[in-house]
Amino acid sequence: MRYRLWRVGIFIAASLPPMYWFYGAMLGLLGPDPGKVLVDNLGLGALVLLLITLTMTPLQQLTRWGGWIAVRRQLGLWCFAYVVLHLAGYVLFIAGLRLELVLRDLSERPYIIVGALAFVGLLALTVTSNRFSIRRLGRKWKALHRLVYVILLLALLHMLWVVRADLGEWLAYALVGGVLLLMRLSVVAGGLQRVGALWRENPKKIEI
Ligand code: HEM
């Protein structure tokens, strides 16, 4: 199978942090509120994975290397796995498995509502990310998967609500997200492809 080494590398890199955080929580290495640290880390991890997934298309346009697209789905699935663990951590450690508390949060707390909308969007993309759905949905598949940019905005808004007092880190993620959104505009995407083609023809031509 092509790009096997890349896939194995991604599997190892993506699976180690949650294992480390779960062990850390069990061994008391995550401070006085390990549940909250675990939920926060998994949420941030999910956002980072979403941003990495979204860089695959611009990188492919720039370099024409097929590997970026070959691993895009795997990265998206890891993002979803982190979100599922983030959600499970919230239900277990923050809501203490009390269903009435989860339902109250879902109807009263705006940042939980926004997070839940992002989760539902990611779920829709995950269940339709297979070959069968691509064939079945045809053109609609692309339109559906553009939802990923709405999901990114929802995830950023969700995070903004949580870290309101500490905007620095949020701004860094929002900036990366904004650049990725810009890169999807057809003018910018076309420009990227032209720069990539020029560079492949003669790398010296675009040396700064
Ligand atoms: C039903 C869905 C979701 C629920 C219930 C939920 C719940 C939470 C909670 C309770 C926190 C704050 C924990 C605290 O510090 O008190 C949080 C933070 C966060 N969540 Fe979610 N979340 C959901 C979906 C998502 C999704 C889809 C993403 C990203 C793709 C995400 C990313 C984040 C991030 C980045 C943070 C901030 C972490 C930090 O403090 O740096 N969440 N979430």
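Residues numbered from 1 in each chain as written. Predicted model: local features only at pLDDT ≥ 70, side-chain atom pairs only at ≥ 80, totals over all residues. Heavy atoms only, no water.

1. Quick notes on helix α1 (residues 4-26)
- Helix length check: α1, at 23 residues, gives a terminal C-alpha distance of 33 Å against a target of 33 Å (1.5 Å per residue), a fit within 8%.
- Of all the residues in α1, the buried ones are I10, A14, S15, P18, W21 and G24.
- Where α1 is buried, its residues meet α2 (34-63) and α3 (67-94).
- Just beyond α1, the residue with positive phi is G28, at close to 75°. (Helix = DSSP H or I, 4+ residues; strand = E, 2+ residues; numbered from the N terminus. Expected span 1.5 Å × (residues − 1). Buried < 20%, exposed > 50% of the residue type's maximum accessible area, 1.4 Å probe, protein only. Contact = heavy atoms within 4.5 Å.)

2. Focus on the coordination of the iron atom of the ligand
- All of the protein donors around the iron atom of the ligand are H86 (NE2) and H158 (NE2); their distances to the metal are 2.0 Å.
- The site at the iron atom of the ligand holds 6 donor atoms, and with the angles between them running 86 to 180°, its shape is octahedral. Of this pair, H86 sits in helix α3 while H158 sits in helix α8 (residues 147-162); the two residues are 72 residues apart in sequence, bridging distant segments of the chain. (Donors = N, O, S within 2.8 Å, 3.2 Å for Na, K, Ca; no water. Tetrahedral: all angles 85-135°; square planar, octahedral: opposite > 155°, others 65-115°.)

3. Describing helix α5 (residues 110-127)
- Given a rise of 1.5 Å per residue, 18 residues ought to cover 26 Å, and the 26 Å separating the end C-alpha atoms of α5 matches this to within 8%.
- Of the residues making up α5, those classed as buried are I112, V114, G115, A118, G121, L122, L125 and T126.
- Looking at the packing, one finds that the buried side of α5 touches α2, α3, α4 (99-108), α7 (139-145) and α8.

4. Thoughts on the pattern of salt bridges
- This structure, assessed with the given rule, holds 2 salt bridges.
- The partner of D40 in a salt bridge is K36, and the shortest N-O contact between them spans 3.0 Å. In this pair, D40 and K36 are both assigned in helix α2, 4 residues apart and thus about one turn of the helix distant.
- Classification of D40 as partly exposed rests on a relative accessible area of 33%.
- R109 serves as the salt-bridge partner of D105, at 3.7 Å between the closest nitrogen and oxygen.
- Given the relative accessible area of 40%, R109 is considered partly exposed. (Salt bridge = Lys/Arg side-chain N within 4 Å of Asp/Glu carboxyl O.)

5. Some points on the site of the ligand
- Not every one of the 20 residues close to the ligand is listed here, only the nearest: K36, D40, H86, L87 and H158.
- Between the ligand and K36 there is a distance of 2.6 Å, counted from an oxygen atom to a side-chain nitrogen or oxygen.
- In the model, a nitrogen atom of the ligand is placed 2.8 Å from a nitrogen or oxygen of the H158 side chain.
- A total of 6 residues in the shell around the ligand trace back to one element, the largest contributor, which is α5.
- When the residues that make up the shell around the ligand are grouped by side-chain class, the tally is 14 nonpolar, 4 polar and 2 charged. (Near = heavy atom within 4 Å. Polar contact = N/O pair within 3.5 Å; in protein donor to acceptor, adjacent residues only side chain to side chain. Nonpolar A, V, L, I, M, F, W, Y, C, P; charged D, E, K, R; others polar.)

6. So, the environment of G190
- Along the chain, G190 falls in helix α10 (residues 186-201).
- Separated by 128 residues in sequence, G190 and L62 have C-alpha atoms that sit 9.7 Å apart.

7. Re the packing of α8 against helix α9 (residues 167-183)
- The N-to-C vectors of α8 and α9 enclose an angle of 170°; their axes lie 10 Å apart at closest approach. Relative to α9, the element α8 is oriented roughly antiparallel. Listed contacts from α9 to Y149, L152, L153, L156, M159 and L160 of α8 are L167, E169, W170, Y173, A174, G177, L180 and L181.
- In terms of residue class, the contact of α8 with α9 is made up of 12 nonpolar, 1 polar and 1 charged. (Axes fitted to C-alpha atoms, helices over the stretch in contact; angles between N-to-C directions. Parallel < 35°, antiparallel > 145°, perpendicular 65-115°, else oblique.)

8. Here we look at a nonpolar patch on the surface
- A contiguous nonpolar surface patch, about 1,000 Å² in accessible area, is contributed by V8, F11, I12, L16, M19, Y23, M26, L27 and L29.
- Here L29 shows up in the loop between α1 and α2. (Patch = residues over 30% accessible without salt bridge, like charges linked within 9 Å, V, L, I, M, F, W, Y side chains within 5 Å. Areas by Shrake-Rupley, 256 points an atom, 1.4 Å probe, with all protein chains shown as cover.)

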